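Chain by chain, the residues:
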Amino acid sequence: MRNEFALFQSQLFSHNNGALYFNGVKATDLDVVPQAVKAWVQLHAQISNAQERNQHAYATRLIEDTQVIQNTILNMNLQDAFNAGLRIFLRG
């Protein structure tokens, strides 16, 4: 399984260093939103699974990762785009 949070962190690092490009075009802040949504959805599924298995320490670490995403989105002022992307993703 792909680790969407690791991919999000990698994209964000590249973006913050001006080295993230899609199809030869330098990425904007909005370009990191789709990966943030994928990571957030995957993390919440993993949190649910960890709680069902009584893996509370693991669930706590995953929750901390979701907080990293939320803080990043807030700091980049992308809440509306993230929420819209989440709605679209969850509709499937």
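The structure displayed is predicted, hence computed values, not measured ones.

K.L.:
Can you break down the packing of helix H2 (residues 33-52) against helix H4 (residues 79-91) residue by residue, with the values?
P.N.:
A pair of packed helices can be characterised by two numbers: the angle between their axes and the separation between those axes. Close contact between H2 and H4 brings their axes to 9 Å; oriented N to C, the two are set at 60°. When the interaxial angle is binned, H2 and H4 end up oblique. For the pair H2 and H4, the sense of crossing is right-handed. Mapping the contact onto sequence places Val 33, Ala 36, Val 37, Lys 38, Trp 40 and Val 41 in H2 and Ala 81, Phe 82, Gly 85, Leu 86, Phe 89 and Leu 90 in H4. Its residues placed into classes, the contact of H2 with H4 shows 10 nonpolar, 1 polar and 1 charged.

K.L.:
Kindly report on unusual backbone geometry, identifying the contributing residues and their values.
P.N.:
The backbone of Asn 23 shows a phi angle near 50°, a positive value even though the residue is not glycine. Counting through the fold element by element, Asn 23 comes out in the loop between strand E1 (21-22) and strand E2 (25-26). For Asn 23, a relative accessible area of 83% corresponds to the exposed category. Positive phi, normally seen in glycine, also occurs at Asn 54, with a value near 60°. Here Asn 54 is to be found in the loop between H2 and helix H3 (56-75). What makes Asn 54 exposed here is its relative accessible area of 58%.

K.L.:
Which residues make up the pattern of salt bridges, and what values go with them?
P.N.:
This model, assessed by the stated rule, comprises 2 salt bridges. For the salt bridge of Glu 4 with Arg 2, the shortest nitrogen-to-oxygen distance reads 3.3 Å. Judged by its relative accessible area of 12%, Glu 4 falls in the buried class. Asp 65 serves as the salt-bridge partner of Arg 61, at 3.9 Å between the closest nitrogen and oxygen. Of this pair, Arg 61 and Asp 65 are both found in helix H3, 4 residues apart, which corresponds to roughly one turn of the helix. Since its relative accessible area comes to 44%, Arg 61 is described here as partly exposed. According to the relative accessible area criterion, Asp 65 is buried, its value standing at 13%.

How each quantity is defined
Residues numbered from 1 in each chain as written. Predicted model: local features only at pLDDT ≥ 70, side-chain atom pairs only at ≥ 80, totals over all residues. Heavy atoms only, no water. Axes fitted to C-alpha atoms, helices over the stretch in contact; angles between N-to-C directions. Helix = DSSP H or I, 4+ residues; strand = E, 2+ residues; numbered from the N terminus. Parallel < 35°, antiparallel > 145°, perpendicular 65-115°, else oblique. Left-handed = near helix turned anticlockwise from the far one by under 90°. Contact = heavy atoms within 4.5 Å. Nonpolar A, V, L, I, M, F, W, Y, C, P; charged D, E, K, R; others polar. Buried < 20%, exposed > 50% of the residue type's maximum accessible area, 1.4 Å probe, protein only. Salt bridge = Lys/Arg side-chain N within 4 Å of Asp/Glu carboxyl O.

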